[in-house]
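Analysis of the macromolecular model
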Amino acid sequence: MWGAGQVMPIDDVAWCVVGVYEGREREIIYAAQADGSGDEVCEAAVRECEAGEVVWLVPERPNIHRVENGGSSTAISIHVYGTDIAGAGNSIRREYREASR
């Protein structure tokens, strides 16, 4: 469940399938620096996911993104991760920060 205005940090996650049940979830997709170094990333695209949509993230490329509630009311989504969250503590492999413009 995502409260209005709720935002997650920019991160790189294990593979994941997301189904939006109610509301809207926005995914901001980021590009890593060309040389792959550092923790600064730049916004590359935005994906709006409406109720009834299913999207996926695969680990063949960096899954650098930030997820947020894309609407003004509560959003409900189901996230299925391809990692042992109980053992790892969460699905985040690495956190990033947005590069200054």
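Shown above is the structure to which this text applies.
Cut-offs and rules
- Residues numbered from 1 in each chain as written.
- Predicted model: local features only at pLDDT ≥ 70, side-chain atom pairs only at ≥ 80, totals over all residues.
- Heavy atoms only, no water.
- Salt bridge = Lys/Arg side-chain N within 4 Å of Asp/Glu carboxyl O.
- Helix = DSSP H or I, 4+ residues; strand = E, 2+ residues; numbered from the N terminus.
- Buried < 20%, exposed > 50% of the residue type's maximum accessible area, 1.4 Å probe, protein only.
- Pairing = 2+ DSSP bridges.
- Axes fitted to C-alpha atoms, helices over the stretch in contact; angles between N-to-C directions.

1. Section: the pattern of salt bridges
All told, the structure shown has eight salt bridges when counted by the stated rule. The salt bridge partner of Glu48 is Arg26, with a shortest N-O separation of 2.6 Å. One end of the pair, Glu48, is in strand β4 (residues 40–50); the other, Arg26, is in strand β3 (residues 24–32), with 22 residues separating them in the sequence. For Glu68, the salt bridge identified is with Arg66, shortest N-O distance 3.5 Å. The pair Glu68 / Arg66 is uniform in exposure class, with both members buried. Counted as one network, the salt bridges with shared partners bring together Arg24, Arg26, Glu48, Glu50, Arg66 and Glu68.

2. Things to note about the sheet that holds strand β2 (residues 16–22)
Taken together, the three strands give an open sheet; going across it, the order is β5-β2-β7, and neighbouring strands pair in antiparallel fashion. Across the chains shown, the open sheet's two edge strands, defined by having one partner strand only, are β5 (54–57) and β7 (76–81). Each adjacent strand pair in this sheet contributes to an overall mean axis angle of 20 degrees, direction not counted. Bridge analysis of β2 against β7 gives six bridges, and the strand direction is antiparallel. In the strand pairing of β7, Cys16 is matched with Tyr81.

3. Re the sheet that holds strand β9 (residues 97–98)
Reading across the sheet, the six strands line up as β8-β1-β6-β3-β4-β9 and stay open at both edges, with mixed pairing between neighbours. Where the open sheet ends on each side, the last strands, each with one partner, are β8 (92–95) and β9. Pairing of β3 with strand β6 (residues 64–69) involves five bridges; the strand directions are antiparallel. The residue bridging Arg26 from the neighbouring strand is Glu68, located in β6.

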